[in-house]
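Okay, here's what each chain looks like letter by letter:
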Amino acid sequence: MKKKNRIMTSMLATWLIMALVLGACSSSNDNNNGTGKQDGQNVQSGEDKKPDASKDDLFTPVGEYPIVKEKMTIKMFAPQLASIENMATNTFTKMLEEKTNIQIDWELVPDNSLNDRKQLMLASGDYPEVILHGSLTKEEQMKFGKQGVFIPLNDLIDQYMPNFKQAMEDLPYLKSSITAPDGNIYALPQINECYHCNFAQKLWINQAWLDKLGLSMPTTTDEFYEVMKAFKEQDPNGNGKADEIPLTGSDDMWAGNIAAFLMNSFIIDDYSSKESGTMLRVVDGKVDLVADKEEWKQGLLYLNKLYKEGLIDPASFTQNADAINQLGNREPDNVLGAITTALISYALSPDDDHPRHKEYVTVPPLKGPNGVQQASYFGGVGNSQMAITNKATKEQQIAAVRLADYLYTEEAIVQQERGVEGVNWRKAEAGELDMNGDQAKYYLIPQEEVKPTHNDGWEQIGPSLRTYQYRDSWVALQDPMAEGAYEVRLKRESAKYEPYQSAEMYPTSVFIPLEDAEIAAQLRTTIRDYVTSNMAQFITGSKDIEKDWENYVKGFDGLQVDKYKEVYQRGLSGSN
């Protein structure tokens, strides 16, 4: 999963361990590409490059290795992670080349400049045969697919990728998440099923304070108000000072927005970061805006009530993740009652040197005054990683997808992600338990020294398949509060949200048609900025909800909301 905050130097070792654990947390077919070929065909120098399956003299049968009988070189674009010493000499690279007989000619760019270099490369026409890891947006897949830069992979998948075909059968969301509106698949994804990612909007509450005050876990918005009021007024940290902060958050954290979790008790709010959130819902197949509805107003009134009574930290609208970390670790007394965030580790390091983290558990979705009780769900496939360009020969196309199909096997995934068997990991022994308390399959060998770099694997570069079952299969501590059991804890806490998965949230993995993609992005940003700006003003009282509501709603008239809903409706219809 994709993690975001900076931490204090004293916490670096713990965070390195946590990061390792969490990481492991168009147009229609009659369009012409300007080459005399229709979309859906690969074009290279005007030649139809549809793969030829009858190449027995070059390839072994599908599923057998090596893939090619004679060594073949393919140039591949990928990031150079700072933590990996050398992709050419990397042990996983060497194993992969030996197993497949395919030599990788690396075109590497610094990870932090991947997007800029990718854009320049594709625009200039100076790109390699394969983009192994390009974080390719749906818009990029459609744009460069339409142009003929990315070849359609449908036939190649059907003929040469049995492992990936099986994944599409096993994961019902997968095919629709990677199929463009023209029916083509232009890029292969990295699949990473993760409970705490899918249910990122969480509210963590101080269970120790609940116990001290004799309070039950709140189940409704009214009960939550009463708990926050008690946190403020009844000195739960016992220092005789009115220094408790009942509820805080930060937009600088993943799913740290102070309002989104609570708004879901009134109407769906899919905001999880400054760059995400459509402000839309789907009811009976129809796309509609949520932020102009009466339920949204009710949610604002509730949040304003919390704020007026001092139950929401005023800094929630401006502070960054570092401020949250300082707040959580304030000494000598804990002042933090509850926090909206995907990860409690933004505030408190989950290790034995900082035991305060053990005081916190998640609050299940609260039932609102109209009976609404739901959790936003962020599952599915967003960006894809691997594309084959029109620079690849027919033989390279076949070899590349067969190599990719191997990357989707568990044999490859374990070595790619974890490194060398016997050095970095081993098969689990009888009686060693996984995250679910069942017999485990793999054991991560503790390292005597945590080094800043390694050369034992690719970490999470390229296409791969990390299902719930795979992630759960590693030996895990059974006490979720123990040091080193943070992912177990996150999974169990996130499981509280699964029964309440929203039926109205706009799906996160829908392709917006290419002709609509630019206007959709512009309108999404404009509308989201308008909503969040007014939301903060309504909650803090800078604007009066009752007096200013009608003007606020009228303000949507100039934001092309109808057009916005229309393009997202087309995207939804095309994905069904």
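Whatever comes next refers back to the structure up there.
Residues numbered from 1 in each chain as written. Predicted model: local features only at pLDDT ≥ 70, side-chain atom pairs only at ≥ 80, totals over all residues. Heavy atoms only, no water.

Draft legend 1. Highlighting unusual backbone geometry. Residues Tyr-65 and Pro-66 are joined by a peptide bond in cis, for which omega reads 0°. Tracing the backbone shows Pro-66 in the loop between strand E2 (47-48) and strand E3 (72-80). A positive phi angle, near 55°, is found at Asp-284, a position not held by glycine. In this structure Asp-284 comes out as exposed when scored by relative accessible area, which is 77%. Even without a glycine there, the phi angle at Glu-459 is positive, about 60°. Along the chain, Glu-459 turns up in the loop between strand E15 (442-444) and strand E16 (464-466). (Helix = DSSP H or I, 4+ residues; strand = E, 2+ residues; numbered from the N terminus. Buried < 20%, exposed > 50% of the residue type's maximum accessible area, 1.4 Å probe, protein only.)

Draft legend 2. The sheet that holds strand E4 (residues 102-110), seen in detail. In space, the 4 strands of this open sheet follow the order E4-E3-E5-E13, with mixed pairing throughout. Two strands close off the open sheet at either side, each with one partner strand: E4 and strand E13 (387-388). One ladder, built from 2 bridges, connects strand E5 (residues 130-131) with E13; its direction is antiparallel. Within E13, the residue paired with Val-130 across the bridge is Ile-388. Where helix H14 (residues 394-407) meets the sheet, it contacts E3, E4, E5 and E13, and its direction lies at approximately 55° from that of E3. (Pairing = 2+ DSSP bridges. Contact = heavy atoms within 4.5 Å. Axes fitted to C-alpha atoms, helices over the stretch in contact; angles between N-to-C directions.)

Draft legend 3. Seen up close, the sheet that holds strand E11 (residues 336-340). With mixed pairing, 4 strands are arranged side by side in an open sheet as E8-E11-E7-E12. Unpaired on one side and paired on the other, strand E8 (245-248) and strand E12 (360-362) mark the two borders of the sheet. Each strand axis lies, on average, 20° off the axis of its neighbour in the sheet, ignoring direction. Both E8 and E11 contribute to a ladder of 3 bridges, which runs parallel. Across the sheet, the residue bridging to Leu-247 is Ala-338, located in E11.

Draft legend 4. A look at the pairing of strand E10 (residues 286-289). Only one face of E10 is covered, namely the face carrying Val-287 and Leu-289; the face carrying Lys-286 and Asp-288 is uncovered. Of the pairings in the sheet, the one linking strand E9 (residues 280-283) to E10 comprises 4 bridges and is antiparallel in character. By the bridge assignment for E10, Val-283 is matched with Lys-286. The turn joining E9 and E10, which pair antiparallel and follow one another in sequence, is formed by 2 residues; a positive phi near 55° is taken by Asp-284.

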